[in-house]
Amino acid sequence: MIDDESYKKCRREVSDYISDWFDKQSSEAAVIHKNYERLMRIAGESMQDGGKYLRPYLVWLGYKYGDKTTSIVPVAAAFELLHYAFLIHDDIIDGDVRRRGKLNITGRYIEVYQSITSQAKRKHFAESVALLAGDICIAGSISMVLDSAFDPGQQQKALRHLLASMYEVGGGELLDVEASMGLEDKAPPETIYRYKTAGYSMVHPLLVGAELAGCSNDIRRTLESFGIELGIAFQLSDDILGVFGDEKLTGKSTLSDLREGKYSYLIAQFERHANPAQRKKFYTHFGQSNLSEREASLLRTILDDCGAKQAAVHAVDEYTERANQLLALLPRGEASQALQELITVLKRRCA
């Protein structure tokens, strides 16, 4: 991730704000019942286990395109808490019990509910609790905006971006789930990336910061286009790392997408370039829940040999180049310099 003082300052202040929020929620939950306090404590601990804090940093940078002094930290924190809520829900959809190598909320509650003898029921109840935690965090993100020092009109503008993020992710997640079902009318991966990732990860964080800072329509339009291009590149690189990455560096399994049979840009390119023999061998193992590392290695070799990996890396280059061109249209300064560094870091991820 970016290694400069502005990023470190943003991450520290947002992290402290969120930690204080969870402490407050735990205290209030204890008034209702000790089990509710336990949920808030576990949710807070799970959130602090890691994360790049990219979204609050983009809120922070968007705000720097203007000249305002009101603290942007609560709004930046709202986008990080919303991101955490989406991760919780995403883990439920994927049936995962770990994130970044550690037990997620579902995994923690499977341990809490050890007295339930049925393994299926234990996981069902644990996922139900995780679902509730995600909903609570969504509500919390809204409350953070309302607790900010911005006037009600500005708060309303910020909430519109937060709500637009939720709506777009709902559509993107649906299209992502359906794409892996093998439906004939599945959406192109780029469309999924635009709405599942780019909107709430790049576009709306940049726009809410710029709008609260009073930036011109031209700057906001350019930031929106920039966010779309970079956001799609970000998800593209994530999918490449999800198959070819180093788990020790990314904290993400390189087996889960292959076992799930996830339809990504990599797979779309495979279907475009693979010969019949490669297709037969690939689909013998792709999507198998018990896929071994040896079989996964075979799939990676096929994706590489048929040109799918190279096509995906080339697409990252194309999207980041368009982002670079848009960045050149924005005012020079600290924010643009940081966004340039972000592009460099993103390209380096899957080089």
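Every chain's residues receive numbers from 1 upward, in the order its sequence appears when written. With the structure being a predicted model, the display of local features is reserved for residues of pLDDT at least 70 and the display and counting of side-chain atom pairs for 80 or more, all residues being used for whole-chain, interface and lining totals. In computing side-chain properties, one takes all heavy atoms of the structure into account and sets aside hydrogens as well as water.

## Things to note about the overall build of the protein
Segments assigned H or I by DSSP are reported as helices when at least four residues long, segments assigned E as strands when at least two residues long, and all are numbered from the N terminus. Counting its secondary structure elements, the protein contains 16 helices and two strands. Against the globule reference of 20 Å for 351 residues, the protein gives a C-alpha radius of gyration of 21 Å, in line with a compact fold. When the backbone C-alpha atoms are referred to their principal axes, the protein occupies close to 65 × 60 × 35 Å. Burial analysis of the protein (351 residues in total) assigns 51% to the buried set. Per element, the accessible surface of the protein, about 16500 Å² overall, is 50% carbon and sulfur. Between the mean site of the 43 positive side-chain charges and the mean site of the 49 negative ones, the protein shows a separation of 3 Å. Only C-alpha atoms enter the radius of gyration, while the globule expectation follows 2.2 Å times N to the 0.38, with N the number of residues. Exposure classes here rest on a 1.4 Å probe applied to the protein chains alone. A residue is buried below 20% of its type maximum, exposed above 50%, and partly exposed in between. Calculation of accessible area relied on Shrake-Rupley with a 1.4 Å probe; when residues are assessed, cover is drawn exclusively from the protein chains displayed. We score Asp and Glu as negative and Lys and Arg as positive, and we do not count His or the chain ends. A single reference atom marks each charge: NZ on Lys, CZ on Arg, CG on Asp, CD on Glu.

## Digging into the nonpolar core
Joining through side-chain atoms within 4.5 Å is the link that ties buried Ala, Val, Leu, Ile, Met, Phe, Trp, Tyr and Cys residues into a set, and such a set is a nonpolar core. Counting 109 residues, the largest nonpolar core has Phe-22, Val-75, Tyr-84, Leu-223, Phe-226 and Leu-339 as the members making the most contacts within it. Looking at this core, the element that brings in the most residues is helix α4 (residues 73-94), giving 12 residues. Should any heavy atoms of two residues lie within 4.5 Å, those residues are counted as being in contact. Once you skip the residues sitting within four places of it in the chain, Tyr-84 turns out to touch Phe-22, Ala-43, Ser-46, Met-47, Ile-105 and Cys-137.

## Some details on the environment of Val-112
When you line up the elements, Val-112 lands in helix α5 (residues 105-112). For Val-112, a relative accessible area of 31% gives the class partly exposed. Along the primary structure Val-112 and Arg-122 are separated by 10 residues, whereas in three dimensions their C-alpha atoms are 9.3 Å apart. In this view, Val-112 contacts Arg-38 and Ile-42; residues no more than four positions away in its chain are not counted.

## A word on the environment of Gly-199
Summarising the element assignment, Gly-199 is placed in helix α8 (residues 189-212). The sequence separation of Gly-199 and Ser-165 amounts to 34 residues, and the corresponding C-alpha distance is 6.1 Å. Beyond its immediate stretch of four places on either side in the chain, Gly-199 contacts Glu-168, Arg-194, His-204 and Pro-205.

## Quick look at the side chain of His-83
Among the structural elements, His-83 can be located in helix α4. His-83 sits in the buried class, given a relative accessible area of 10%. Contacts described as polar in this section are N or O atom pairs within 3.5 Å, which, within protein, must combine one atom able to donate a hydrogen with one able to accept it, while residues neighboring in sequence count only if both atoms come from side chains. Looking at His-83, its side chain comes within polar contact range of the side chain of Arg-55, at 3.5 Å.

## Quick word on the packing of aromatic side chains
Note on ring pairs: Phe, Tyr and Trp rings are taken, using the six-membered ring of Trp, and paired if centres are within 6.5 Å. Classes follow the plane angle, with under 30 degrees stacked, over 60 edge-to-face and the rest tilted. Throughout the structure, instances matching the rule amount to 10 aromatic pairs. Here a set of aromatic residues connected by ring pairs shows up, and it is made of Phe-270, Phe-282, Tyr-283 and Phe-286. Only lysine NZ and arginine CZ atoms are considered, and such an atom sits over a ring when it is within 6 Å of the ring centre and within 35 degrees of the ring normal. Lying across the ring of Tyr-319, Arg-322 places its NZ or CZ 4.5 Å from the centre.

## What about the packing of helix α2 (residues 34-47) against helix α6 (residues 119-146)?
As a rule, the C-alpha atoms of each element are fitted with a line to give its axis, helices using only the stretch in contact, and angles between N-to-C directions run from 0 to 180 degrees. Two elements in contact, α2 and α6, have axes separated by 11 Å at closest approach and are oriented at 75 degrees. Considering their axes alone, α2 and α6 lie roughly perpendicular with respect to each other. Across the interface between the two elements, Tyr-36, Leu-39 and Met-40 of α2 pack against Val-129, Ala-133 and Ile-136 of α6. In this classification, the charged set is Asp, Glu, Lys and Arg, the nonpolar set is Ala, Val, Leu, Ile, Met, Phe, Trp, Tyr, Cys and Pro, and all remaining amino acids, among them Gly, are polar. In the contact of α2 with α6, the residues fall into six nonpolar, no polar and no charged. In what follows, roughly perpendicular refers to angles from 65 to 115 degrees, roughly parallel to angles under 35, roughly antiparallel to angles over 145, and oblique to any angle outside these ranges.

## Observations concerning a nonpolar patch on the surface
Side chains of Ile-93, Val-177, Met-181 and Leu-183 sit close together on the surface and give an oily, nonpolar patch of about 330 Å² of accessible area. By secondary structure assignment, the location of Val-177 is in helix α7 (residues 152-179). Its relative accessible area of 31% is what places Val-177 among the partly exposed residues. In this scheme, patches are assembled from residues that exceed 30% relative accessible area and form no salt bridge. Like charges are connected within 9 Å, while nonpolar side chains (Val, Leu, Ile, Met, Phe, Trp, Tyr) are connected within 5 Å. Just to be clear on terms, a salt bridge is a Lys or Arg side-chain nitrogen sitting within 4 Å of an Asp or Glu carboxyl oxygen.

## Thoughts on α7
Look at α7: 40 Å from first C-alpha to last across 28 residues, which is about the 40 Å you get at 1.5 Å a residue. If you check the start of α7, you find a side-chain oxygen 2.9 Å away from the backbone N of Gly-153, and it comes from Asp-151. Helix span, as expected, comes to 1.5 Å for every residue beyond the first.

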